[in-house]
Amino acid sequence: MSYNYEYKLTEEEYLEYLRYLVSFTKGTKIRNLWLRFSVPLLVIMTLYYFRQYLVSWYLVIGISISLIWFFNISTKIINNFLYKKIDKNFAQNFKVKDFKPVNVMINEDSIILDRKKIEYSLIHNIAPLNSSLAIFYDYDKAFIIPNRIIKENDQLSEVVEFIEEKIKKED
């Protein structure tokens, strides 16, 4: 079985990849952790401080606010911050002026990226993003295959399963 893709990345696909990378930096993780837990901790501390005057529905309201913040509002704020921070100006810092055509061939033996052979043993992570598939190899390198090129989601999962199967065989 073999997959052959020829494509040219769009700026938005590249920005999505950069947002994914930035979300794993130490500073971003600390900020996100603080943002997620700040309001729930404040609500819990306030409820504890005024525990003598609490009615049970105050507890329910406080816990509801904390859960809504933790699972919904903080996630939206974090994503909004990433989209504002990692924008076209951020990408210009990397001096990428134009995206060149890329040819990727995934076959039984290896992945060939523009005539460069990548052994399956070098691949350490496959990250399905919203609009692309990021494949990380050799500890500090990656390439992106847009979902629009892979076409259907069934074929996307088929490609991911194929690569994961080859990685397991190499180990």
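Our structure's up above, just so we're on the same page.
Residues numbered from 1 in each chain as written. Predicted model: local features only at pLDDT ≥ 70, side-chain atom pairs only at ≥ 80, totals over all residues. Heavy atoms only, no water.

Chemist: Would you mind showing me how to read the pattern of salt bridges here?
Modeler: Side chains that differ in charge, positive against negative, can pair when their charged atoms come close. According to the stated counting rule, one finds six salt bridges in the structure shown. With a shortest N-O distance of 2.4 Å, Glu108 and Lys166 are connected by a salt bridge. Here Lys166 lies in helix α6 (residues 153–170) and Glu108 lies in the loop between β2 (102–106) and β3 (110–113), a separation of 58 residues in the sequence. Taking the relative accessible area as the measure of exposure, Glu108 reaches 39% and is therefore partly exposed. The partner of Lys141 in a salt bridge is Asp138, with the nearest N and O atoms 3.2 Å apart. (Salt bridge = Lys/Arg side-chain N within 4 Å of Asp/Glu carboxyl O. Helix = DSSP H or I, 4+ residues; strand = E, 2+ residues; numbered from the N terminus. Buried < 20%, exposed > 50% of the residue type's maximum accessible area, 1.4 Å probe, protein only.)

Chemist: Whenever I open this one, the side chain of Asn147 confuses me. Can you help?
Modeler: Relative to the elements of secondary structure, Asn147 occurs in helix α5 (residues 147–150). Here Asn147 falls in the buried class, since its relative accessible area comes to 15%. Here the side chain of Asn147 touches Asn130 through a polar contact of 3.2 Å, landing on its backbone oxygen. The residues contacting Asn147, other than those within four sequence positions of it, are Leu129, Asn130, Ser131, Ser132, Leu133 and Leu156. (Polar contact = N/O pair within 3.5 Å; in protein donor to acceptor, adjacent residues only side chain to side chain. Contact = heavy atoms within 4.5 Å.)

Chemist: What am I meant to see in the packing of aromatic side chains here?
Modeler: Geometry of an aromatic ring pair is reported as the spacing of the ring centres plus the angle between the planes. This model, assessed by the stated rule, comprises eleven aromatic pairs. Seen in terms of ring centroids, Tyr3 and Phe162 are 5.5 Å apart; in terms of plane orientation they differ by 70°. Their pairing is edge-to-face. With a gap of 159 residues between them, Tyr3 in strand β1 (residues 3–7) and Phe162 in helix α6 connect regions that are remote in the sequence. Its relative accessible area of 8% is what places Phe162 among the buried residues. Taking 4.9 Å as the distance between ring centres and 85° as the angle between the ring planes, the aromatic pair formed by Phe70 and Phe71 counts as edge-to-face. Under the relative-accessibility criterion, Phe71 is labelled exposed at 60%. Through pairs of rings, three or more aromatic residues link up here, namely Tyr17, Tyr20, Phe24 and Phe136. For Arg36, the ring lying beneath its charged end belongs to Phe70, and the centroid distance is 5.8 Å. The side chain of Arg51 reaches across the aromatic face of Tyr48, ending 4.2 Å from its centre. (Phe/Tyr/Trp six-rings, centres within 6.5 Å; stacked < 30°, edge-to-face > 60°. Lys NZ or Arg CZ within 6 Å of the ring centre and 35° of its normal.)

Chemist: Mind showing me how you'd approach the pairing of β3 here?
Modeler: Successive residues of a regular strand alternate their side chains across the two faces of the sheet. In the sheet, β2 pairs with β3 via three bridges, with the strands oriented antiparallel. Paired with Met105 across the bridge in β3 is Ile112. Remark: three residues form the turn of the hairpin made by β2 and β3, two consecutive strands paired antiparallel. The sheet contact formed by β3 and strand β4 (residues 116–119) spans four bridges and is antiparallel. By the bridge assignment, Ile112 is partnered in β4 with Lys117. Between β3 and the antiparallel strand that follows it, β4, lie two residues; Asp114 among them carries a positive phi value of about 45°. (Pairing = 2+ DSSP bridges.)

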